[in-house]
Each structure stands twice: as C-alpha cells, then as structure tokens.
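Observations on the three-dimensional arrangement
Below, each chain spelled out in residue letters.
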Amino acid sequence: MSTILANACISGQSDSHLAPLSECETFGCRLHPNIIEPLKILADAAKKQGFKLKVFSGFRSFNAQMSIWNAKSCGKRAVLSADETVIPHGSLQGWDLVQAILRWSALPGASRHHWGTDIDIIDAQAINSDYNVQLTQKETQEGGVFEEFHRWLTPWLEDNPDVGFVRPYQTPTNADDNAFGIAPEPWHLSYAPAAKIFEEQFDLDFLAQIIAGSDILLKNEILENLPEIYNRFIRVSG
Ligand SMILES: [Zn+2]
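Below is a summary of the structure that appears in this document. Along each chain, numbering runs from 1 in the same order as the chain's sequence is written. Owing to the predicted nature of the model, reporting of local features is limited to residues with pLDDT of at least 70; listing and counting of side-chain atom pairs is limited to 80 or more, with chain, interface and lining totals taken over all residues. The side-chain values count all of the structure's non-hydrogen atoms but skip hydrogen atoms and water molecules.

Let us now look at the coordination of the zinc ion. For Na, K and Ca the donor cutoff is 3.2 Å, while for all other metals N, O and S atoms must lie within 2.8 Å; water is not among the atoms, so some sites may look incomplete. Taken together, H113 (NE2), D120 (OD) and H188 (ND1) make up the protein donors of the zinc ion, found 2.0 to 2.1 Å from the metal. In the primary sequence, the donor residues of the zinc ion line up as H-x6-D-x67-H. Both residues of the pair, H113 and D120, count as buried. Relative accessible area decides the class of each residue, using a 1.4 Å probe on protein chains only: under 20% of the type maximum gives buried, over 50% gives exposed, and in between gives partly exposed.

Bringing helix α7 (residues 147-159) into the picture now. Given a rise of 1.5 Å per residue, 13 residues ought to cover 18 Å, and the 19 Å separating the end C-alpha atoms of α7 matches this to within 8%. Counting from the N terminus, the helices are DSSP H or I runs at least four residues long and the strands are E runs at least two residues long. Residues E147, F149, H150, W152, L153, W156 and L157 constitute the buried set of α7. In this analysis, two residues are considered to be in contact whenever any of their non-hydrogen atoms come within 4.5 Å of each other. On its buried side, α7 packs onto α3 (36-48), β1 (53-57), β2 (118-123), α6 (137-140), β3 (165-166) and β4 (188-191). Here, expected helix span is obtained from the residue count minus one, scaled by 1.5 Å.

This brings us to the sheet that holds β4. Here we have four strands laid out as an open sheet, ordered β1-β2-β4-β3, and antiparallel in their pairing. The two strands at the open ends of the sheet, each matched to only one other strand, are β1 and β3. Only strands that DSSP links by at least two bridges are regarded as paired with each other. As judged from the three bridges shared by β2 and β4, these two strands associate in the antiparallel manner. Residue pairing for β4: D120 is matched across the bridge by H188. Think of each axis as a best-fit line through the C-alpha atoms, taken over the contacting stretch in the case of a helix, with angles from 0 to 180 degrees between the N-to-C directions. Where α3 meets the sheet, it contacts β1, β2, β3 and β4, and its direction lies at approximately 130 degrees from that of β1. Packing of helix α8 (residues 192-201) onto the sheet brings it into contact with β2, β3 and β4, and relative to β4 it is tilted by some 85 degrees.

Any two side chains of opposite charge can pair, given that their charged atoms come close. A carboxyl oxygen of Asp or Glu within 4 Å of a side-chain nitrogen of Lys or Arg is what we treat as a salt bridge. Evaluation of the coordinates by the stated rule reveals eight salt bridges. One salt-bridge network, in which partners are shared between bridges, spans R112, D118 and E199.

On to the environment of G12, then. With respect to the element layout, G12 can be found in the loop between α1 (7-10) and α2 (21-24). Sequence spacing of G12 and R232 is 220 residues, and the spatial spacing of their C-alpha atoms is 20 Å. Sequence-distant contacts of G12, defined by excluding residues within four places in its chain, comprise S61, F62 and H114.

A negative phi angle characterises most non-glycine residues, just as the trans form characterises most peptide bonds. Phi at L135 is positive, roughly 55 degrees, even though this residue is not glycine. You can see L135 is positioned in the loop between β2 and α6.

Only protein atoms enter the 1 Å grid used here, on which a cavity is any set of points holding a 1.4 Å probe that cannot leave and a pocket is any open set flanked by protein within 12 Å on both sides along at least five of seven lines; residues with an atom within 4 Å of a point are listed as lining. Grid points are joined across faces, edges and corners, and a volume is the space filled by probe spheres set on the points. According to the stated counting rule, one finds one cavity of 30 Å³ or more in the structure shown. Counted as a void, the largest cavity has a volume near 40 Å³. Lining the largest cavity are N7, I10, S11, G109, F202, D203, F206 and L207. Elements supplying a minimum of two residues to the lining of the largest cavity: α1 and α9 (204-212). Under this grouping Gly is polar, as are all residues other than the nonpolar Ala, Val, Leu, Ile, Met, Phe, Trp, Tyr, Cys and Pro and the charged Asp, Glu, Lys and Arg. Considered class by class, the residues forming the lining of the largest cavity number four nonpolar, three polar and one charged.

This part is about the side chain of R60. Assignment of secondary structure puts R60 in the loop between β1 and α4 (62-73). Only 2.9 Å separates the side chain of R60 from the side chain of S57, close enough to count as a polar contact. Sequence-distant contacts of R60, defined by excluding residues within four places in its chain, comprise Q65, I68, S111, H113, H114 and D120. Distance and chemistry together define a polar contact, namely a pair of N or O atoms within 3.5 Å, with one atom able to donate a hydrogen and the other to accept it when in protein, and with adjacent residues in sequence counting only for side-chain atoms on both sides.

Let us look at the nonpolar core. As used here, the term nonpolar core means buried Ala, Val, Leu, Ile, Met, Phe, Trp, Tyr and Cys residues forming a set that is joined through side-chain atoms within 4.5 Å. Core analysis: the largest hydrophobic core is formed by 34 residues, its most contacted members being W69, L107, L207, I222 and I229. Contributing elements (two or more residues each) for this core: α4, α5 (94-104), α8, α9 and α11 (226-234). Ranked by residue count, the leading element in this core is α5, at five residues. When neighbours within four sequence positions are excluded, I229 is seen to be in contact with W95, V98, L102, L107, I222 and I234. If you look at the next biggest cluster of nonpolar residues, it comprises 27 residues, including F27, I35, F51 and F149.

What follows is the structure, given as structure tokens:
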C-alpha cells in the first residue's frame, strides 16, 4: 500500500515530506528521508574510487523552479539548444520558447526535484572551488571535468540496481527537432522506490490550477499545451 501524498508536496509547494535539515546535513540540501541511506552507500562507493560525490541540487521548491523558468523566459538566463549552444534571446517566441526551455528545465510544479527523491550529482574532487558547474553533457563526456566520475558511475548503477538509483532522463534528443523531449541528463539520479510513489500520484489537473494561479511567464502557452507537455516533458518511461 502506497502512502497518500499531498498535491502540495508533489508540486513543490510544501516541503513537509522532506527529512529535517539535520538529517540531510552531510549532503548540504533538503532530501526525502528514504534517499539518505542509499545516497550514503553511493557516496561511500564513490569515495573508495577517489571521487567526492557532491549533491549539486536536491529539493527545489515550486518558487525556486519558477525563478529559473522566468529567468529563461525573459532572457536573464541562457536557454540552450540540444547541442548545448546558447539560443539567442528573442529568436524563439511563445510555444517554441516553452519547448526549448523544457528541454533542459522542468516546468514548475512538475520537477522531480520537488520530491526530494531526485538529485543532481558531481565529483567535487575533479574541480577547483572557482569552477562554475554547468551540468552539461559535455562535462560528463570525453575530455569533460566529470568524465571519469561518469565512467565509473554508469557501470556502478548497472551493477547495483538494489541500491535503487536510476537515471530517469536518458531519452536521446530527437534529431529532426520536431518533437524532442528532455535532453539526456546523466548527472540526474532518482531514488526509484520513493520517486515512483510521486510519479503515480502526479495530478495534471492540479498542475493546471497552480500554473494558472502563479506568476509564471508564458502561462497561456503552457496551459494550452499541457497534455502535450506532460507526454513529452514530464512523463518518463521505465
Ligand atoms: Zn536534476
């Protein structure tokens, strides 16, 4: 039997489902209580190989996600294309801009980071303190700062499925660009046993209500296309 979750927790408007800060202290961010022990197992395994696992991003609230969204909508923050180059602000409008933002950023209310079950991780050992972490595929690929970490992480995740971590964003970007989805994010891990419960109880009508009542930019374009957004950018397979 699954726990019944409040819509406010699923959509990042409440943090009452998270462990107290004192329990997440080692990781420096708020997390779901069930992810803490598995995360220690992963961090210890990484440490044995000379890596220093750092949670770059854990829980994010609806408002925090909306700040990112609005900054990208109005050009204060870069919107990247599939190949991680900056799309000049003003070159995309309306629904096209919404889709471009969604490639790399979740819609507020529909981010897996609202749940505390999902994290973005880096190897703090690989970078200097003044390095500006981008969370791009380039960083994880050949020649990138986190290449070695990911070369270790990928087989580790495959060899230790019982620990419970999966990479929910693995779908490759559609080459013709007509119906692309979320770009692959190898740094984003989800603690599946806990995240599954949030996924199952996600409510699109509730999301429509909170988007409608928020100060989000591109609101009409989002609301008009919400079912398509759900299919291409929220729902994940597996
Ligand atoms: Zn993430």
